[in-house]
Amino acid sequence: MLAAMWFGYFLQLHGFFESCFGAIIPLLPEGLLGIITSPLLHGNIDHIIGNSIPMAALMFLLYQFYPLVANKVFIIGWLATGFLVWLLPPIDILTGEYMYTCTIGASGVVYVLAFFLFFSGVFRWNMKLLTISLLVVLYYGSLVWGMFPEELFYTLNEPSKISWQAHLSGAIVGSIIAFIFKDVGERKKKYIWEFPNYYSEKDDKLWQEYKENHPEDFSELPYKKRDDIWDHLDDLRRRK
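Draft legend 1. The arrangement of a nonpolar patch on the surface in detail. Taken together, V122, F123, W125, M127, I172, I176, F179 and I180 make up a surface patch of nonpolar side chains, about 790 Å² in accessible area. Looking at the nonpolar patch, the elements that each hand over two or more residues are α5 (107-124) and α7 (164-180). Among the elements that take part in the nonpolar patch, α7 stands out by supplying 4 residues, more than any other. Looking at the secondary structure, you find F179 in helix α7.

Draft legend 2. Region of interest: α5. Taking 1.5 Å per residue as the helical rise, α5 with its 18 residues ought to reach 26 Å, and the 26 Å between its terminal C-alpha atoms agrees with that figure. With 14 of 18 residues buried, α5 is to be regarded as a mostly interior element. Directly after α5, the chain includes W125, whose backbone phi takes a positive value near 55°.

Draft legend 3. Expanded view of the packing of aromatic side chains. This structure, assessed with the given rule, holds 10 aromatic pairs. Considering the side-chain rings of F17 and F21, the 5.6 Å spacing of their centres and the 20° angle between planes classify their relative orientation as stacked. Taking relative accessible area as the criterion, F21 reaches 49% and is therefore assigned partly exposed. Relative to F116, the ring of Y66 lies with its centre 5.2 Å away and its plane at 70°, an arrangement referred to as edge-to-face.

Draft legend 4. The state of the cysteines, seen in detail. If you walk through the whole model with that rule in mind, you get 1 disulfide. Between C20 and C102 runs a disulfide, and the two sulfur atoms are separated by 1.5 Å. Negative torsions about the S-S bond denote left-handed disulfides, and the value of about 85° found for C20 with C102 makes this one right-handed. Here C20, found in the loop between α1 (2-13) and α2 (34-37), pairs with C102, found in the loop between α4 (70-87) and α5; they are 82 residues apart in sequence, far enough to count as distant.

Draft legend 5. A look at the packing of α5 against α7. In contact at an axis separation of 7 Å, α5 and α7 are set at 35° when each is read in the N-to-C sense. α7 is crossed by α5, and the crossing has right-handed handedness. Residue-level contacts link S107, G108, Y111, V112, F115, F116, F119, S120 and F123 of α5 to A166, H167, G170, A171, V173, G174, S175, I177, A178 and F179 of α7. For the contact of α5 with α7, a count of residues per class yields 12 nonpolar, 7 polar and no charged.

Draft legend 6. Broad picture of the packing of helix α3 (residues 45-65) against α4. Contact geometry for α3 and α4: axes closest at 8 Å, N-to-C directions at 140°. It follows from the interaxial angle that α3 and α4 lie oblique. Along its contact with α3, which presents M59, L62 and Y63, the element α4 presents A70, N71, V73 and F74. Grouping the amino acids of the contact of α3 with α4 by side-chain chemistry returns 6 nonpolar, 1 polar and no charged.

Draft legend 7. Inspection of unusual backbone geometry at higher detail. Positive phi is not limited to glycine here, since L27 has a value of about 65°. Tracing the chain through its elements places L27 in the loop between α1 and α2. Judged by relative accessible area, L27 falls into the partly exposed class, the value being 42%. One non-glycine residue, W125, adopts positive backbone phi at about 55°.

Draft legend 8. Representation of the nonpolar core in the model. Formed by 34 residues in total, the largest nonpolar core has its most connected members in M55, L62, F116 and L117. Elements with a minimum of two residues in this core: α1, α3, α4, α5, α6 (127-140) and α7. Take this core: its biggest share by element is 9 residues, from α5. For M55, the residues in contact, after removing those within four places along its chain, are M1, L2, M5, A106, V109, V110 and L113. Judged by nonpolar contacts, the second largest core, of 5 residues, contains I24, I35, V85 and W86.

About the cut-offs
- Residues numbered from 1 in each chain as written.
- Predicted model: local features only at pLDDT ≥ 70, side-chain atom pairs only at ≥ 80, totals over all residues.
- Heavy atoms only, no water.
- Patch = residues over 30% accessible without salt bridge, like charges linked within 9 Å, V, L, I, M, F, W, Y side chains within 5 Å.
- Areas by Shrake-Rupley, 256 points an atom, 1.4 Å probe, with all protein chains shown as cover.
- Salt bridge = Lys/Arg side-chain N within 4 Å of Asp/Glu carboxyl O.
- Helix = DSSP H or I, 4+ residues; strand = E, 2+ residues; numbered from the N terminus.
- Expected span 1.5 Å × (residues − 1).
- Buried < 20%, exposed > 50% of the residue type's maximum accessible area, 1.4 Å probe, protein only.
- Phe/Tyr/Trp six-rings, centres within 6.5 Å; stacked < 30°, edge-to-face > 60°.
- Disulfide = S-S within 2.5 Å.
- Axes fitted to C-alpha atoms, helices over the stretch in contact; angles between N-to-C directions.
- Left-handed = near helix turned anticlockwise from the far one by under 90°.
- Contact = heavy atoms within 4.5 Å.
- Nonpolar A, V, L, I, M, F, W, Y, C, P; charged D, E, K, R; others polar.
- Parallel < 35°, antiparallel > 145°, perpendicular 65-115°, else oblique.
- Core = buried A, V, L, I, M, F, W, Y, C linked by side-chain atoms within 4.5 Å.

It is worth stressing that arrangement in space is one thing and function is another; only the former is reported here.
So this is what it looks like as structure tokens:
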């Protein structure tokens, strides 16, 4: 993915993708190509570096901890996010005016991965996967602010160049995919003895035999003997 992103940026620098060609242009047929190509295109070096780092980290976590669904999550997330961005009307939320916009960049896919990894751990309630969820929140929790237009927080002299529509679409798609695949792959193990009313005649028999053969383990020890035992344990700890 990183190689494809940087190769796409290399082609941009050499004039292969000019103007809005390859970008998502909402509600216009010529913008449909961007559903496939826009994550590989970036506006400048800062833009592609800013997407490359989280892309590398999140894709590593995806393929490391969700190998059975990783390809489906990545491909479906890529296409569904791009299509949703294409469907969203490009209207200025403050003025209501139509804007001709060209959306490029892999940030939509980054949001898919981040929200999938977070909600997958929550939906599955698996301690190991919940750890990944917390890790995503720790490092990428600030991504949530990118889902809202900057105009809501700042007074801008010109329209924002950040596509909150792509971020919001990626977050929605990633969350939905996490719910759809919540029963696929590794799940929390529940052993038979964890179920209510569990009883094993074999276990009970072994327990009774142990109690008969080791009655000293169930008798009250004299205080003197208890103190001797604790002194012995303290001595062993000091030696270690």
